[in-house]
Amino acid sequence: MSDSTFDAENKVIEQILGDKKSFYTMPNYQRPYAWDKDRVEQLWYDLVEAYTNNVEDQEVDKNYFLGSIVLVNNTKEKSFDVVDGQQRLTTLTVLLCTIRDMFPDNEYIDEISDLIVSRSKNLQRLRLSPHINKLINFNTTIIEGIDFSIDIKSEEYKNNRYLQTAYYFKHLIQKSLDQNNESYIHNFKEFLDYLLTKITIIVITCNDTGSAIKLFNVLNDRGMDLSSADIIKSYLLQNEPNEQNQNAIIEVWKKIENELEKYDNEKFSEILNIYLYHLKMENPKKALQDELLMIIKSESSMSVIADIDKFTTNYLSVIDSNHDYNISSLKYLNHSVYWKSILTSAKHLKFDKFDDLKILLKKYYFQSWITDGTANRIKQTSFNILKILKDNYIKKDKDKETENNIFNNLSKIEKIEYIIKENLNEHGNFINYIMSENAYSKGWSKPILLLLEYNLYENDTKEHTKDYIPITKTLHLEHIMPKEYSAYYPSINKNDADQNINSLGNLTLLTYKKNSEAGKLPYTDKVKIFKGE
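On a predicted model such as this, the values are computed, not experimentally measured, just so you know.

This brings us to the overall build of the protein chain. Scanning the protein chain from terminus to terminus reveals 25 helices and ten strands. Considering only C-alpha atoms, the protein chain reaches an extent of 80 × 75 × 55 Å along its principal axes. Burial status across the protein chain gives 46% buried among its 533 residues. Across the protein chain, contacts joining residues at least 24 apart in sequence account for 70% of those joining residues at least 6 apart. If you sum the accessible surface of the protein chain, you get close to 28,500 Å²; carbon and sulfur atoms cover 47% of it. Charge separation in the protein chain, taken as the distance between the mean sites of 67 positive and 79 negative side-chain charges, equals 3 Å.

Pasting the structure below:
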């Protein structure tokens, strides 16, 4: 290392985990491993998409950037302490272990194994500190070999985040080997080569821990770099020769910014991202500004700013519908970019079945969420809905000519309903999931109970509007029959109680104050508190 505070080098995964000095230790202060199914799937599909893009055009994603890691040279341990990037390094190691154990007889398995445990030194490349949560789980269930026969309902699985990640990767890899799957990888060996030699990470190595932590804070602080919106604005002005028109573009831009200031979480770049989805109707392969500039370069700057202005107005009219309980319901979803893109496009295109579309989207996204769906599951269907809205989707399934003809003659709303049902049918009935014995721990439990609130209000009042109910820290899930039920309900069978205690039917929503008042009271007394008596 040089005399400077840190050195930075762009390295591929093969170098990061395969060099003779590539040994990493997680310091005691690091957080436990926390990646969930959504994060794992997002990483996998990003890698697959980058590889596919590169196969189609070698100039696209020829080196795919996966972020940075910050290290401190630990001379005592003869390794590098990982200050930032431990979640990513851990996940990549689990991925390599999964590939090793799924394909033990493949020609590249020795190379993969060496990236996990150095053959020359017989040392793990990635070592967790003894104080890091689940150290033994990581070594025994991942590094030493993954047992894919473990029941996913078992406590062993549920309590092992590393094992869960390995199972997620196994499922994704199996899908990628299925020729009928949209994420099919034609040549897995080539994909693996791309993974190891084309995926890059900036490795920043510091002289001491203090410098590393300071650098980590700087890298993660919100800077004031030129945004995508600034770049688009600059392009529009540069490509408009008329000074009067330039001033008009500036005024419209200011007007949009002033409108957005009325909303807490709305940013111009996010509007432009949704606008890009509207125009492109597929997942962007490059940066927002690059993709958008490619699309608008054939249009005049004045027509582009006029369309962006109109699109923003339609967007704000959608998200500002705080009395529309269908829109309110959609606001509880994690992946808002899809429903916002679809409904804004529908408004923009003056789609005549807008109300029907809202209801369909609510059903689709919630049923997907309840059946453990992630962003990647709903992504392609969402883009197909955008294509249908713009008359740009034709069904061409092989050996299904009659079915294709029937579909292509449906109305737009019928086509949307068709592809939604088609997607949902692939992943099981949501009723089976919603009847889960452990709805209490699900992220959708509060939103589902709020949807019930909206529906009850509509049934009671015959009105189709109700104020949006935000999910705040003061809104608590309350067990109607308490977890310590035996003292209050001695006649209830233990098996029945255990099966239903955390089910959705035994849960209700209360404010913090009412939740404290209700506590472990018997049901008859709780009802009085629920009613405000």
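Additional details are given in the paragraphs that follow.
What follows is about the packing of helix α16 (residues 336–348) against helix α18 (residues 375–389). Two elements in contact, α16 and α18, have axes whose closest approach is 10 Å; the angle formed by their N-to-C orientations is 5°. Compared by their axis directions, α16 and α18 come out roughly parallel. Contact with α16, carried on its side by Y338, S341, I342, S345 and A346, involves A375, I378, K379, S382, F383, I385, L386 and L389 of α18 and no other residues of that element. Tallied by class, residues from the contact of α16 with α18 come to nine nonpolar, three polar and one charged.

Attention now moves to the nonpolar core. Formed by 61 residues in total, the largest nonpolar core has its most connected members in Y24, W44 and L195. Once residues lying within four places of it in the same chain are set aside, the contact partners of Y24 are I16, L17, L71, S79, F80, V82, L89, R125, L126 and R127. Y338, I342, L386 and L450 belong to the second-largest nonpolar core, a separate cluster that totals 50 residues.

A few words now on a positive patch on the surface. On the surface, K20, K21, K78 and K121 cluster together to form a positively charged patch. Within the secondary structure, K121 is located in the loop between β5 (117–118) and β6 (123–124).

Next up on the list: the packing of aromatic side chains. A full pass over the atoms with the stated rule returns 22 aromatic pairs. A centroid spacing of 5.2 Å and a plane angle of 15° characterise the contact between Y33 and Y162, whose relative ring orientation is stacked. Here the residue Y33 occupies a position in the loop between β2 (24–25) and α2 (37–56), and Y162 occupies one in helix α7 (residues 161–176), the gap between them amounting to 129 residues. Overall, the relative accessible area of 7% leaves Y33 in the buried class.

This brings us to the sheet that holds strand β3 (residues 64–74). The six strands are arranged β1-β8-β3-β4-β2-β7 in an open sheet whose pairing can be described as mixed. Two strands close off the open sheet at either side, each with one partner strand: β1 (6–12) and β7 (126–127). Sheet analysis places β3 next to strand β4 (residues 79–84), joined by five bridges and oriented antiparallel. The residue of β4 that forms the bridge with N74 is S79. Relative to β3, helix α3 (residues 86–102) is tilted by about 110°, and along the sheet it contacts β2, β3, β4, β7 and β8 (199–206).

Take the pattern of salt bridges next. Scanning the entire structure with this criterion turns up 15 salt bridges. Measuring nitrogen to oxygen at the nearest pair gives 3.4 Å for the salt bridge that ties E417 to K421. Of this pair, E417 and K421 both sit in helix α20 (residues 412–424), four residues apart, which is roughly one turn of that helix. In this structure, the salt-bridge partner of D498 is K494, at a minimum N-O distance of 2.7 Å. Taken together, the positions of D498 and K494, both in helix α23 (residues 494–500) and four residues apart, correspond to about one turn of that helix. Classification of D498 as partly exposed rests on a relative accessible area of 37%. The exposed category is assigned to K494, whose relative accessible area is 54%.

Packing of helix α17 (residues 354–370) against α20 leaves a shortest axis separation of 11 Å and a crossing angle of 5°. One way to sum up the angle between α17 and α20 is to call them roughly parallel. Judged by residue contacts, D356, L357, L360, Y364, Q367 and S368 of α17 engage I413, I416, E417, I420, N423 and L424 from α20. In the contact of α17 with α20, the residues fall into seven nonpolar, three polar and two charged.

Here we take up the environment of Y108. Following the sequence through the fold, Y108 ends up in the loop between α3 and α4 (109–116). The class for Y108 is buried, based on a relative accessible area of 10%. If we skip the residues at most four places from it in the chain, Y108 touches I99, F103, F188, K189 and L192.

Calculation rules
Residues numbered from 1 in each chain as written. Predicted model: local features only at pLDDT ≥ 70, side-chain atom pairs only at ≥ 80, totals over all residues. Heavy atoms only, no water. Helix = DSSP H or I, 4+ residues; strand = E, 2+ residues; numbered from the N terminus. Buried < 20%, exposed > 50% of the residue type's maximum accessible area, 1.4 Å probe, protein only. Contact = heavy atoms within 4.5 Å. Areas by Shrake-Rupley, 256 points an atom, 1.4 Å probe, with all protein chains shown as cover. Lys, Arg positive; Asp, Glu negative; His and termini not counted. Charge placed at Lys NZ, Arg CZ, Asp CG, Glu CD. Axes fitted to C-alpha atoms, helices over the stretch in contact; angles between N-to-C directions. Parallel < 35°, antiparallel > 145°, perpendicular 65-115°, else oblique. Nonpolar A, V, L, I, M, F, W, Y, C, P; charged D, E, K, R; others polar. Core = buried A, V, L, I, M, F, W, Y, C linked by side-chain atoms within 4.5 Å. Patch = residues over 30% accessible without salt bridge, like charges linked within 9 Å, V, L, I, M, F, W, Y side chains within 5 Å. Salt bridge = Lys/Arg side-chain N within 4 Å of Asp/Glu carboxyl O. Phe/Tyr/Trp six-rings, centres within 6.5 Å; stacked < 30°, edge-to-face > 60°. Pairing = 2+ DSSP bridges.

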